[in-house]
Amino acid sequence: MKKIVLKVSILCSKCKVCILTTISKFEGIVSIAVDVEKSTVTIVGVVDAVLIVKALRKAKKPAEIVSVGEPDKKKEEKKDDKEDPCKLPPCCNACRPVMIWQDEPNICTIC
């Protein structure tokens, strides 16, 4: 068991969901905690930190490893089912899809 702390850019609730689903696909994870104010994700379990960072970068969520170490047993026992106190917007500019429509009926491809 190890505790991995990652620094990830969390701009909106869609970013948070994408990060959580990407990380939760790995086996051996005991708990995942997201701190929106500090933009960190704490993972406890038997998993490789480098593989998690690669998966997050593949999902277009740049991440970097802050620390890898032994988990704190006192903090894990103290977890409560609390609401997330930080309110995130539903979608940020990075997550918002962009559609470009170009309507030119007489396009010359030779020019």
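Residues numbered from 1 in each chain as written. Predicted model: local features only at pLDDT ≥ 70, side-chain atom pairs only at ≥ 80, totals over all residues. Heavy atoms only, no water.

> Teacher, can you tell me more about a nonpolar patch on the surface here?
On the surface, Met 1, Val 30 and Val 46 cluster together into a nonpolar patch covering about 290 Å² of accessible area. Its place among the elements puts Val 46 in the loop between strand S3 (40-45) and helix H2 (49-58). (Patch = residues over 30% accessible without salt bridge, like charges linked within 9 Å, V, L, I, M, F, W, Y side chains within 5 Å. Areas by Shrake-Rupley, 256 points an atom, 1.4 Å probe, with all protein chains shown as cover. Salt bridge = Lys/Arg side-chain N within 4 Å of Asp/Glu carboxyl O. Helix = DSSP H or I, 4+ residues; strand = E, 2+ residues; numbered from the N terminus.)

> Help me understand the sheet that holds strand S4 (residues 63-69) in this model?
Within a sheet, adjacent strands bond to each other through the backbone by hydrogen bonds, running parallel or antiparallel. Strand order across the open sheet formed by four strands is S2-S3-S1-S4, with antiparallel pairing between neighbours. At either margin of the open sheet sits one strand with a lone partner, and together these are strand S2 (29-35) and S4. The average angle at which neighbouring strand axes cross in this sheet is 20°, direction not considered. Relative to S3, strand S1 (residues 2-8) runs antiparallel, the two sharing six bridges. Across the sheet, residue Lys 2 finds its bridge partner in S3, namely Gly 45. Sheet strands touched by helix H1 (residues 13-24): S1, S2 and S3. Its angle to S2, the strand with the most contacts, is close to 165°. Contacts between H2 and the sheet are confined to S1, S3 and S4, with S4 contributing the most and set at about 160° to the helix. (Pairing = 2+ DSSP bridges. Axes fitted to C-alpha atoms, helices over the stretch in contact; angles between N-to-C directions. Contact = heavy atoms within 4.5 Å.)

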